Amino acid sequence: MKRVVVGLSGGVDSSVAAYLLQQEGYEVIGLFMKNWHDDSVTISNECPWLEDSNDALLVAEKLGIPFQTVDLSEQYQEKIVDYMFNEYEKGRTPNPDVLCNREIKFDVFMKIALSLGADFVATGHYCQKSETEIEGKTVYQLVAGADVNKDQSYFLCQLSQEQLSKSLFPIGALTKPQVREIAAQMELVTAEKKDSQGLCFIGKVRLPEFLQQKLQPKEGAIIQIDKDHPIYQQEDKSGLTVEDSLRIEATKIAYTPEMGKFMGNHKGAHYFTIGQRKGLNVGGTKDPLFIIATDVITNTVYTGLTSHHPGLFKKALKIINDEVHWVREDLALANGETLEVMARIRYRQPLQKATLHQFENEMFISFEESQSAITEGQFAAWYLGEELVGSGAIS
């Protein structure tokens, strides 16, 4: 009998995942990951991880499977929290959920599971795994979840063949309503539980307060750039190589305060991200202001009116080679090669037509249509059909 360790998070998805594996005849063990100690930054006095671990325990008891809690808060602090602060300090916007899967759930946690003699680790992610044979070798495929509204393949975009080979996603072929129905039939305590928001496994943490612990507030200017500013005129790219013209399209505009008008002050450029419209506290404009750029060196936030402002849109992005990750290593591009794909630059964004261009030191993704708020530090993921084949951190 194959043994599988399920990451029971105290939510409905992982509860049903454990039940389905049991039905399939696996020997199932439930493990709850505790990733957070500092209760001073959770939003209210409720202690979410305690409540969640309790729900996970009740589910394990109901299913009659062994259960234990593992404390990974030290690794989480080092691999996720410290990384987040460093990224924010550099003016980038990290994606803790993608990192948490790569570094914690499918690495630290997976090693613990394997040390317990497990053959597989399972989670309640809405995605699917299939396999194919290429040149006599088994190749694992990461496929979108069947529920279009809940597909979470994006969050697993940094997994390796090795990690995928030992992973199971029992609810990937189901829709959320079907999962809730199974939980209700089984009278699992989590059947009606709301989906968790907030940082992966930290519980209900408010990001600004969280950042303010480490990153000191410092006042700086908010500048508004006019949509008709000459910087947005198309430059002539005739005579340029493909690589040079892609580089121009992917490079962010170097704004200076003289280009626009002063709108007020903010508390620190590192608290803001591109495309954000709330939290500026600037009044008096008839249309909403959107953040089009931040400069952490001069501590300046640049804004533009409306979501159609040209400063928000770009047709290409760059990923340095060290950050390019192929889930399907057999599809990796060589210098000078291109590949037509469907891509997204954030979770839940509808897939966009795009082309990958691999060069010696970097890869560019050029989009058929201009994309709003391409953000450094976030992950771009690319698909062939339903299959996620690679990803990389936007630089």
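Located above this text is the structure these notes cover.
Described below are features of the structure shown in this document. Everything quoted here is computed from the prediction, not taken from an experiment.

Calculation notes
- Residues numbered from 1 in each chain as written.
- Predicted model: local features only at pLDDT ≥ 70, side-chain atom pairs only at ≥ 80, totals over all residues.
- Heavy atoms only, no water.
- Helix = DSSP H or I, 4+ residues; strand = E, 2+ residues; numbered from the N terminus.
- Rg over C-alpha atoms; globule rule 2.2 N^0.38 Å.
- Buried < 20%, exposed > 50% of the residue type's maximum accessible area, 1.4 Å probe, protein only.
- Contact = heavy atoms within 4.5 Å.
- Areas by Shrake-Rupley, 256 points an atom, 1.4 Å probe, with all protein chains shown as cover.
- Lys, Arg positive; Asp, Glu negative; His and termini not counted.
- Charge placed at Lys NZ, Arg CZ, Asp CG, Glu CD.
- 1 Å grid on protein atoms, 1.4 Å probe; cavity = no way out; pocket = protein on both sides within 12 Å on 5 of 7 lines; lining within 4 Å.
- Points joined across faces, edges and corners; volume = space filled by probe spheres on them.
- Disulfide = S-S within 2.5 Å.
- Axes fitted to C-alpha atoms, helices over the stretch in contact; angles between N-to-C directions.
- Parallel < 35°, antiparallel > 145°, perpendicular 65-115°, else oblique.
- Left-handed = near helix turned anticlockwise from the far one by under 90°.
- Nonpolar A, V, L, I, M, F, W, Y, C, P; charged D, E, K, R; others polar.
- Phe/Tyr/Trp six-rings, centres within 6.5 Å; stacked < 30°, edge-to-face > 60°.
- Pairing = 2+ DSSP bridges.
- Core = buried A, V, L, I, M, F, W, Y, C linked by side-chain atoms within 4.5 Å.
- Polar contact = N/O pair within 3.5 Å; in protein donor to acceptor, adjacent residues only side chain to side chain.
- Bend = angle between axes of the 7 residues up to and from the residue.
- Salt bridge = Lys/Arg side-chain N within 4 Å of Asp/Glu carboxyl O.

**Brief notes about the overall build of the protein chain**
Secondary structure assignment for the protein chain yields eight helices and 18 strands. Taking 2.2 N^0.38 as the reference for a compact globule, 395 residues should give roughly 21 Å; the C-alpha atoms of the protein chain span a radius of gyration of 23 Å, in line with that estimate. Taken along its principal axes, the extent of the C-alpha atoms in the protein chain is 65 × 55 × 35 Å. The buried share of the protein chain, reckoned over its 395 residues, is 51%. Across the protein chain, contacts joining residues at least 24 apart in sequence account for 70% of those joining residues at least 6 apart. As displayed, the protein chain has an accessible area near 18600 Å², and 49% of this comes from carbon and sulfur atoms. Here the protein chain carries 39 positive and 55 negative side-chain charges, and the mean point of each set is 4 Å from the other.

**What to know about the layout of surface pockets**
Of the volumes computed, that of the second largest pocket is approximately 1200 Å³. Glu249, Thr251, Lys252, Ile253 and Lys314 are the residues nearest the centre of the second largest pocket, which is lined by 46 residues in total. Contributions of two or more residues to the lining of the second largest pocket are made by α8 (242-250), β10 (289-295), β12 (313-320) and β16 (362-372).

**What about the state of the cysteines?**
For the structure on display, the rule yields zero disulfides. Free cysteine Cys127: the closest other cysteine sulfur is in Cys157, separated by 11 Å.

**As for the packing of helix α1 (residues 12-23) against helix α6 (residues 176-185)**
It is the contact of α1 with α6, at a shortest axis distance of 9 Å, that shows an interaxial angle of 65°. It follows from the interaxial angle that α1 and α6 lie roughly perpendicular. Two packed elements cross with a definite hand, and for α1 against α6 that hand is left-handed. Contact residues: α1 offers Val12, Asp13, Val16, Tyr19 and Leu20, while α6 offers Lys176, Val179, Arg180, Ile182 and Ala183. Residues of the contact of α1 with α6, tallied by class, amount to seven nonpolar, no polar and three charged.

**Looking at the packing of aromatic side chains**
Aromatic ring pairs are reported here in terms of the distance separating the ring centres and the angle at which the planes meet. Under the counting rule described, the total for this entry stands at seven aromatic pairs. Centre to centre, the rings of Phe359 and Phe364 are 6.0 Å apart; their planes meet at 65°, and the pair counts as edge-to-face. For Phe364, a relative accessible area of 0% gives the class buried. Here the aromatic residues Tyr154, Phe155 and Tyr347 are joined through ring pairs into a cluster of three or more.

**Re the sheet that holds strand β7 (residues 167-168)**
Taken in spatial order, the five strands make up an open sheet running β3-β2-β1-β4-β7, and their pairing is parallel. The open sheet is flanked by β3 (67-71) and β7, the only strands paired with a single partner. Across five bridges, the pairing between strand β1 (residues 3-7) and strand β2 (residues 27-34) is parallel. Each residue of the ladder has a partner; that of Gly7, found in β2, is Leu31. Relative to β1, α1 is tilted by about 170°, and along the sheet it contacts β1, β2, β4 (120-122) and β7.

**Regarding the nonpolar core**
Counting residues in hydrophobic clusters, the biggest one holds 52 residues, and the most contacted among them are Phe109 and Leu142. Listing elements by their share of this core, those giving two or more residues are β2, α3 (73-89), α4 (96-115), β6 (137-144), α7 (207-214), β10, β17 (379-384) and β18 (387-393). By residue number, the principal contributor to this core is α4, which donates nine residues. Among all residues touching Leu142, those that are not within four sequence positions of it are Cys127, Gln128, Ser153, Leu156, Leu164, Phe169, Val327, Glu386, Glu387 and Leu388. By size, the runner-up hydrophobic cluster in this structure holds 29 residues, among which are Leu8, Ala18, Leu168 and Ala191.

**Looking at the environment of Ser9**
Along the chain, Ser9 falls in the loop between β1 and α1. A relative accessible area of 24% places Ser9 in the partly exposed class. For the pair formed by Ser9 and Asn54, sequence separation is 45 residues and the distance between their alpha carbons is 9.8 Å. Polar side-chain contacts of Ser9 include one of 3.3 Å to the backbone nitrogen of Gly11.

**Details of α3**
The axis of α3 is deflected most strongly, by about 25°, at Val81. All of the buried residues along α3 are Ser73, Tyr76, Ile80, Val81, Met84, Phe85, Glu87 and Tyr88. Gly91 occupies a position one or two residues after α3 and carries a positive phi of about 80°.

**Looking at the sheet that holds strand β11 (residues 300-305)**
Taken together, the four strands give an open sheet; going across it, the order is β9-β8-β11-β10, and neighbouring strands pair in mixed fashion. Among the strands making up the open sheet, the edge pair consists of β9 (261-266) and β10. Ignoring strand direction, the axes of neighbouring strands in this sheet form an average angle of 30°.

**Quick notes on the pattern of salt bridges**
Side chains that carry opposite charge are capable of pairing whenever their charged atoms lie near each other. Tallying each qualifying case throughout the model produces 26 salt bridges. For Asp107, the salt bridge goes to Lys79, with nearest N and O atoms at 4.0 Å. Residue Asp107 is located in helix α4, and its partner Lys79 is located in helix α3; the two are separated by 28 residues in the primary sequence. Residue class for Lys79 comes out partly exposed when judged on its relative accessible area of 26%. Here the residues in one salt-bridge network are Asp13, Lys150, Lys176, Arg180 and Asp195, joined through shared partners.

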